[in-house]
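Breakdown of the fold
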Amino acid sequence: MARRLEGKRVALTGPRRAEELGKLVENMGGIPLYRPAQGTVLLDDQALRNGIVDWVAHPPDWSIFTTGMGLEALFDMAGDMGVAQPLWDHLRAGKIAARGYKTANALKKRELTPIVRDDDGSTEGLIRGLAEHELRGASVLLQLHGDPAPRLVAWLEEQGANCRQLLPYRHIAPPEADLERLLGDLLAGEVDAVTFTSGPQVRFLMEHAARQGRLAALMESLAGPVLAVAVGKVTAAGLYEAGVPRVLAPKEERMGSMMVELARYYAGEAEPLYAVQPGGDGQRA
């Protein structure tokens, strides 16, 4: 396994733990290319404060949490505002849904138990769990991270729920020059694989390619010589929704697992998933 990326050029688009991932690529015999597609992640202080005030004043029937980091930011801010206990009381009395094991662990730490969990770490899995409950006329507060979730929001509205969204963080795009360098490498075939560890990385790259009039060329590249690799199912779903037809992702949402899966792919032991429809289920090639 150790050298199965021999000679492969792997673009790393995530700013977080990029050096650690790069070292792993090198240990596997590959060549890491640091191509950040995501800039600063900022706590949206005022938006979060306003959201908490609204949450406490108008507690929803359902509270849906999608990230552990967002949940931590929510309680930290509520503590600073002196309303952590009322918030906790409302959550304990209401219905909670959670996506992802980190989110579930953050809730467990606060003695909060979701009655709905995803079955596979994805938004689609969360929707499957929520589908077993009557949501018509219910008020829902959806905690996201720093990126919208149009598929989930649209589904909730289709069920007749009244949905409010709270995004504790804002993702800031990296410099245009960084995105252009990544796009240029992808179109020129300078990389064998490109890894994504969050939805914003996908969004910023696609928006840049569209502004440059080269989105179709990017999709052609990602369908051919360049393999798109996602850290997990949520990020993979973002790639499918953006129009990328082929994505490799590990079963466990871990950065190390992502690189091991890429090594397995080049060893002929793993296959990417091909999208049947944007944002839909995939099928093995």
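Residues numbered from 1 in each chain as written. Predicted model: local features only at pLDDT ≥ 70, side-chain atom pairs only at ≥ 80, totals over all residues. Heavy atoms only, no water.

With that settled, the discussion passes to the sheet that holds strand E5 (residues 95–98). Reading across the sheet, the five strands line up as E6-E5-E4-E7-E8 and stay open at both edges, with parallel pairing between neighbours. Two strands bound the open sheet, and with one partner strand each, they are strand E6 (116–117) and strand E8 (162–166). Two elements, strand E7 (residues 139–143) and E8, share five bridges in a ladder whose sense is parallel. Directly across from Val-140, in E8, lies its bridge partner Cys-163. (Pairing = 2+ DSSP bridges. Helix = DSSP H or I, 4+ residues; strand = E, 2+ residues; numbered from the N terminus.)

In this section: the packing of helix H6 (residues 123–130) against helix H7 (residues 150–158). Between H6 and H7, the least distance of the axes is 10 Å, while the angle of their chain directions is 15°. It follows that H6 is roughly parallel to H7 by the angle criterion. Both H6 and H7 take part in a crossing whose hand is right-handed. Counting all contacts with H6, which are made through Thr-123, Glu-124, Leu-126, Ile-127 and Leu-130, the residues of H7 involved are Arg-151, Leu-152, Trp-155 and Leu-156. Here the contact of H6 with H7 is built from residues that sort into six nonpolar, one polar and two charged. (Axes fitted to C-alpha atoms, helices over the stretch in contact; angles between N-to-C directions. Parallel < 35°, antiparallel > 145°, perpendicular 65-115°, else oblique. Left-handed = near helix turned anticlockwise from the far one by under 90°. Contact = heavy atoms within 4.5 Å. Nonpolar A, V, L, I, M, F, W, Y, C, P; charged D, E, K, R; others polar.)

This paragraph deals with the environment of His-145. Of note, His-145 is situated in the loop between E7 and H7. Assessed through its relative accessible area of 18%, His-145 is described here as buried. Once the C-alpha coordinates of His-145 and Tyr-169 are considered, the two residues, 24 residues apart in sequence, prove to be 5.7 Å apart. (Buried < 20%, exposed > 50% of the residue type's maximum accessible area, 1.4 Å probe, protein only.)

Let us look at helix H9 (residues 199–211). With 13 residues, H9 extends 18 Å between its outermost C-alpha atoms, agreeing within 8% with the 18 Å of an ideal straight helix rising 1.5 Å per residue. Among all positions in H9, only Pro-200, Gln-201, Val-202, Phe-204, Leu-205, Met-206, His-208 and Ala-209 are buried. Tucked into the core, H9 has its buried residues touching strand E9 (169–171), helix H8 (176–187), strand E10 (193–196), helix H10 (215–223) and helix H11 (233–242). Just downstream of H9 lies Gly-213, where phi reads positive at about 70°. (Expected span 1.5 Å × (residues − 1).)

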